[in-house]
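# Secondary and tertiary structure notes
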Protein chains: 2
Amino acid sequence: MNRQTRQAARRRPGRPAAGATDQRERLLDAALASFADKGIAATSLRALAQASGLTAAMLNYYFGTRERLVEAVVEERLLPAIAEQRDRLVPVLEGDSRTLAERFVAGLHTTIERHPWLPALWVREVLTEGGELRHVFLERIGPVLPQPLVERFAAGQARGEISRELDPRLLFVSLIGLTMLPFAAAPLWRQVFDAEDINSERMLSHTLALLAGGLKP
Amino acid sequence: MNRQTRQAARRRPGRPAAGATDQRERLLDAALASFADKGIAATSLRALAQASGLTAAMLNYYFGTRERLVEAVVEERLLPAIAEQRDRLVPVLEGDSRTLAERFVAGLHTTIERHPWLPALWVREVLTEGGELRHVFLERIGPVLPQPLVERFAAGQARGEISRELDPRLLFVSLIGLTMLPFAAAPLWRQVFDAEDINSERMLSHTLALLAGGLKP
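Note that this is a predicted model, so its numbers are computed, not measured. (Residues numbered from 1 in each chain as written. Chains lettered and ligands numbered in written order. Predicted model: local features only at pLDDT ≥ 70, side-chain atom pairs only at ≥ 80, totals over all residues. Heavy atoms only, no water.)

## Describing helix H7 (residues 118-127) of chain A
Burial analysis of H7 of chain A places nine of its ten residues in the buried class, the great majority of the element. Those residues of H7 of chain A not exposed but buried are Leu 118, Pro 119, Leu 121, Trp 122, Val 123, Arg 124, Glu 125, Val 126 and Leu 127 of chain A. (Buried < 20%, exposed > 50% of the residue type's maximum accessible area, 1.4 Å probe, protein only. Helix = DSSP H or I, 4+ residues; strand = E, 2+ residues; numbered from the N terminus.)

Below is the structure:
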């Protein structure tokens, strides 16, 4: 039983037995893949049920409406991935803010490796104007990850740990641009630059080198 | 007559007189705005004609098919904006590669100020998997801007101008992540960080400060 399954189980005391839980989890995974690949609006519930080997009636039994399916994907897949990323930063949150920025970048690489759907979903449903998960970012993610980080960057800057020429808020934006964007755009730059040799490790060492010099006071 | 209009005029020797050219230009602008705002697939040709105060028959007269409309927007709006950005780099192309990277970033700020539709169009139709302009980036933009730049970065790195820990190809990706992404994501970070006070000038000085330290050998 993975972490999400356990969380789902805790949340649903009246849920059906194990086989049904697996079906529900399979549906969530298929929904997530389709949301990232085609977008939420373009995801057909019928195609989703078929891809998971279930009937439309079963999909209806588990989620009822598209809204409840999206909500379940947010609660049981997206927000747990964000919580994972946040938990990685707890040990360094109060320390040196340059270390915190580096840990954020390295941690996000690990989070994306564990949840490879994250960059495409972010582009489609958060970054794109009209994306269906923008409100989730603004209301649920903003207060738990970007805002606390920016506070720490500002405090660290006041202590002289990072360059005074940087803006702590824009620094968070820069970190996203240096991590999420390269993953989301990988199919493009790999082809334009014939860059099949560049793996995630090389991406990380490049970005950490850029930041090491860039953040220094 | 603006620059694009003149270019369009040069390209279309048999075009109708001035009033008609204005109508055609208005249609192109309306199409561009809708492509950036809603996406190419979700743009209704009928709504486009209405928004430009023209009939569907006139739209048909100017462009015939959706494909020809997209092609005209690419040739007469998108590629000229990219050519503008490229032209800005010509004077510094053979010089110091750190200066070239900084000029690319500053130039892209100017390009985006002149063509504010660029970041949203890029997110929707290039960065998003399945975007309708991915092939334009791969075939028409890649060879004229990213590839020559990366060659210069690699040569500059060999001359010791930029840190050996960076990857010249990933450096181009980083520059896009540090410029296009902050503009595309501005409605999000402005709200989450209560950052109405951050203007384009502050964005530029932040990014140049990050790069000044980050590229240094």
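Picking up after the structure, the text goes on.
## Considering the layout of surface pockets
Of the voids in this model, the largest pocket is the one considered here, and its volume is about 460 Å³. Looking at the largest pocket, it is lined by 24 residues, and the ones nearest its centre are Lys 38, Arg 124 and Thr 128 of chain A together with Lys 38 and Arg 124 of chain B. Taken together, the residues that form the lining of the largest pocket break down as six nonpolar, eight polar and ten charged. (1 Å grid on protein atoms, 1.4 Å probe; cavity = no way out; pocket = protein on both sides within 12 Å on 5 of 7 lines; lining within 4 Å. Points joined across faces, edges and corners; volume = space filled by probe spheres on them. Nonpolar A, V, L, I, M, F, W, Y, C, P; charged D, E, K, R; others polar.)

## Some points on the pattern of salt bridges
Applying the stated criterion to the full structure yields 25 salt bridges over all chains. Here Glu 129 of chain A ties to Arg 134 of chain A by a salt bridge, and the two come within 3.9 Å at their closest N and O atoms. Residue classification places Glu 129 of chain A among the partly exposed positions, given a relative accessible area of 41%. Residue Arg 134 of chain A is classed as buried on the basis of its relative accessible area, which comes to 11%. Glu 161 of chain A is the partner of Arg 159 of chain A in a salt bridge, and the nearest nitrogen-oxygen pair spans 2.7 Å. A relative accessible area of 48% means that Arg 159 of chain A is categorised as partly exposed. Among the ionic contacts, a cluster of salt bridges with common partners joins Asp 167 and Arg 169 of chain A together with Asp 197 and Arg 202 of chain B. (Salt bridge = Lys/Arg side-chain N within 4 Å of Asp/Glu carboxyl O.)

## What about the packing of helix H9 (residues 146-158) of chain B against helix H10 (residues 168-184) of chain B?
Residues and elements named next belong to chain B. Relative to each other, H9 and H10 sit at 125°, their axes nearing to 8 Å. On the basis of the axis angle, H9 is oblique to H10. In this structure, H9 crosses over H10, and the sense of that crossing is right-handed. Across the interface between the two elements, Pro 146, Leu 149, Val 150, Phe 153, Ala 154 and Gln 157 from H9 touch Pro 168, Arg 169, Leu 171, Phe 172 and Leu 175 from H10. Split into classes, the residues belonging to the contact of H9 with H10 amount to nine nonpolar, one polar and one charged. (Axes fitted to C-alpha atoms, helices over the stretch in contact; angles between N-to-C directions. Parallel < 35°, antiparallel > 145°, perpendicular 65-115°, else oblique. Left-handed = near helix turned anticlockwise from the far one by under 90°. Contact = heavy atoms within 4.5 Å.)

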